[in-house]
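Each chain, letter by letter, is given below.
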Amino acid sequence: MLNPAHTIEDDGITQSDIREVCASVTKQISREYMAECSRARETPKELWRVMRETGLFGLGVPTEFGGLGGHLTEVALALDLMGQGGLMPFRYVTTQMARTTLRHHGNDDQKARYLVPAAAGEITFAFALTEADAGTNSFNIRTYAERQGNSDYVINGTKMWITGVHEADYMILVTRTSKFDPAVKKAGFSVFIVDPKSAGVSLSPIDIGLHMADRSWVVNLDNVRVPAENMIGEEGRGLEALFDCLIPERLLAAGLNVGLSTFVLNKTAEFARMRAPFGEVIGSYQGVQIPMAECLALTEGARALAYQACAKFDAHIDSGMESDMARFLSAEAYLKSADMAMNTHGGAACDMQQDVIPFYLYAKFQSIAPINRNVCLSAIAQREFGFPKSY
Ligand SMILES: Cc1cc2nc3c(=O)[nH]c(=O)nc-3n(C[C@H](O)[C@H](O)[C@H](O)COP(=O)(O)OP(=O)(O)OC[C@H]3O[C@@H](n4cnc5c(N)ncnc54)[C@H](O)[C@@H]3O)c2cc1C
């Protein structure tokens, strides 16, 4: 159990505590259990229970709100370590995104109301930004929140791919509060906390072929009435609150990617120490050793950059460049490791019992979402070389 008495100063849990707790989580929750949940598309309830019991939900929430302190760095470390055990706790990522934006932009009442139960793991959040015509181009969203009197907004629109929303207690919903104007694309965003069980919200499942336990949904909002007090920040000025979700999303995804890459490398090394189609184990061949070493070097480089970016974010220093680089490199390293795992396992890679393909599919998905590699690289080129924006 993470113990508040172990915190350093007022707002920091030690990283050795986090390592100890994550080791206990990965000891109690096996990769086999996660793979079973993914095949059955069932929520990994045992994982949530153990994460709650060990106090992991308190990470990243200040002690004054019942959390254990720590910032994005500590949460990314927890994800890295859980990834190294083959665990994929996605709703932990969306919940942390919500908590970061609440911490930075929420008012006192919102912090008390949502951060306290979130620190105890009693409530989780989904994140609802994407729409059918607004994926990479988030500025194109059309979901609209219209003020009605002083107390309420009425929201209409359709969100897509919203992961875990059927079980989340709330979603961070990104809307427009003024109509889309191509001349000022970045204006008019407002961010709300919405209960997915509100009248007018309906969910339809999307058949995702990624072998993930978490399910994704189309969320239809038909005249959904939301109290004005549920808006995070000011009307029409929600872009900062949104970016305080999106940058953590990139960095937490990077933490999980490097963890999963390490898991895949270790799993493949174990196989290569045992498989011997010509008498010698395949791990004795340079054709197996060199790609594995390359994947390891790339993974460690991505890991170092991810923590560098987290440290900047936590220090409120612009971390956009490092975040894009960490996001890109972690996805590349993980995909390379997963591809190498497929090659090294040979035919065995196609046997679901060997549990290799789910990592490959998920690694491929990570080069597409939450942000695709083209856009990451274009943003890096634009920033570093001063090129005009290419999209
Ligand atoms: C399993 C899953 C879970 C998801 N969960 C969530 C969630 O919980 N909440 C949420 O809000 N969203 C979620 N998403 C949505 C995800 O963030 C989007 O799929 C992602 O942003 C990409 O958008 P798109 O699919 O519309 O791709 P598009 O925007 O249509 O892009 C398609 C491809 O075109 C290329 N491309 C696009 N724009 C550019 C450009 N400017 N320059 C160069 N190339 C470009 C890229 O190769 C890109 O992959 C999820 C998606 C999936 C598949």
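Each value, and the rule that gives it
- Residues numbered from 1 in each chain as written.
- Predicted model: local features only at pLDDT ≥ 70, side-chain atom pairs only at ≥ 80, totals over all residues.
- Near = placed C-beta within 6 Å.
- Nonpolar A, V, L, I, M, F, W, Y, C, P; charged D, E, K, R; others polar.
- Domains from an automatic or database assignment.
- Axes fitted to C-alpha atoms, helices over the stretch in contact; angles between N-to-C directions.
- Helix = DSSP H or I, 4+ residues; strand = E, 2+ residues; numbered from the N terminus.
- Parallel < 35°, antiparallel > 145°, perpendicular 65-115°, else oblique.
- Contact = placed C-beta atoms within 7 Å.
- Expected span 1.5 Å × (residues − 1).
- Buried ≥ 20, exposed ≤ 12 C-beta atoms within 10 Å, placed from the backbone.
- Arc of directions from axis to C-beta.
- Pairing = 2+ DSSP bridges.

As a further point, take the site of the ligand. If you check the shell around the ligand, you find 20 residues, and the closest are Gly135, Thr136, Trp161, Asn374 and Tyr391. Here the residues of the shell around the ligand are counted per class, giving 12 nonpolar, eight polar and no charged. Taken domain by domain, the shell around the ligand gets at least three of its residues from each of domain 2 (127–237) and domain 3 (240–385).

So, about the packing of helix 4 (residues 72–84) against helix 8 (residues 286–314). The description of two helices packed together rests on the angle between their axes and the distance between the axes. At a closest axis distance of 8 Å, the pairing of helix 4 and helix 8 adopts a crossing angle of 150°. In terms of their interaxial angle, helix 4 and helix 8 are classed as roughly antiparallel. Residues Leu72, Thr73, Ala76 and Asp80 of helix 4 form the contact with helix 8, whose participating residues are Arg303, Ala306, Tyr307, Cys310, Ala311, Phe313 and Asp314. Its residues assigned to classes, the contact of helix 4 with helix 8 shows seven nonpolar, one polar and three charged.

All right, on to helix 6 (residues 108–119) then. Because an α-helix completes one turn every 3.6 residues, residues spaced three or four positions apart along the sequence face the same direction. The end-to-end C-alpha distance of helix 6 is 16 Å, a good match for the 16 Å that 12 residues give at a rise of 1.5 Å each. Taken together, the buried positions of helix 6 are occupied by Tyr114, Leu115, Ala118 and Ala119. With its buried residues spanning 125° around the axis, helix 6 presents them on a single face. Tucked into the core, helix 6 has its buried residues touching helix 5 (90–105) and strand 5 (189–194).

Moving on to the domain arrangement of the protein. Its domain assignment divides the protein into domain 1 (4–123), domain 2 (127–237) and domain 3 (240–385). The gap between the C-alpha centroids of domain 1 and domain 2 is 24 Å. With 21 residues of domain 1 at the interface, the matching set in domain 2 holds 16 residues. Elements with a minimum of two residues in the side of domain 1 that touches domain 2: helix 2 (31–40), helix 5 and helix 6. The leading source of residues in the side of domain 1 that touches domain 2 is helix 5, at eight residues. Looking at the side of domain 1 that touches domain 2 residue by residue, the classes come out as 10 nonpolar, seven polar and four charged.

A few words on unusual backbone geometry. Going from alanine 369 to proline 370, the amide bond is cis rather than trans, its omega being 5°. One can find proline 370 in the loop between helix 10 (357–366) and helix 11 (373–385). The backbone of tryptophan 161 shows a phi angle near 70°, a positive value even though the residue is not glycine. Under the C-beta neighbour-count criterion, tryptophan 161 is labelled partly exposed, with 19 such atoms within 10 Å. At histidine 316, a residue that is not glycine, the phi angle is positive and equals roughly 60°. The residue histidine 316 is located in the loop between helix 8 and helix 9 (320–345) in this model.

Quick look at the pairing of strand 7 (residues 216–227) now. Two strands pair when backbone bridges link them, and strand 3 (residues 152–163) and strand 7 are joined in this way by nine bridges, in the antiparallel orientation. Each residue of the ladder has a partner; that of threonine 158, found in strand 7, is asparagine 220. Where strand 6 (residues 201–206) and strand 7 come together, six bridges link them in antiparallel fashion. Looking across to strand 7, one finds that isoleucine 206 is bridged to serine 216.

Along any regular strand the residues' side chains alternate between the sheet's two faces. The sheet contact formed by strand 2 (residues 144–148) and strand 3 spans five bridges and is antiparallel. In the strand pairing of strand 3, arginine 147 is matched with tyrosine 153. Joining the antiparallel neighbours strand 2 and strand 3 is a turn of three residues, in which glycine 149 adopts a positive phi near 70°.

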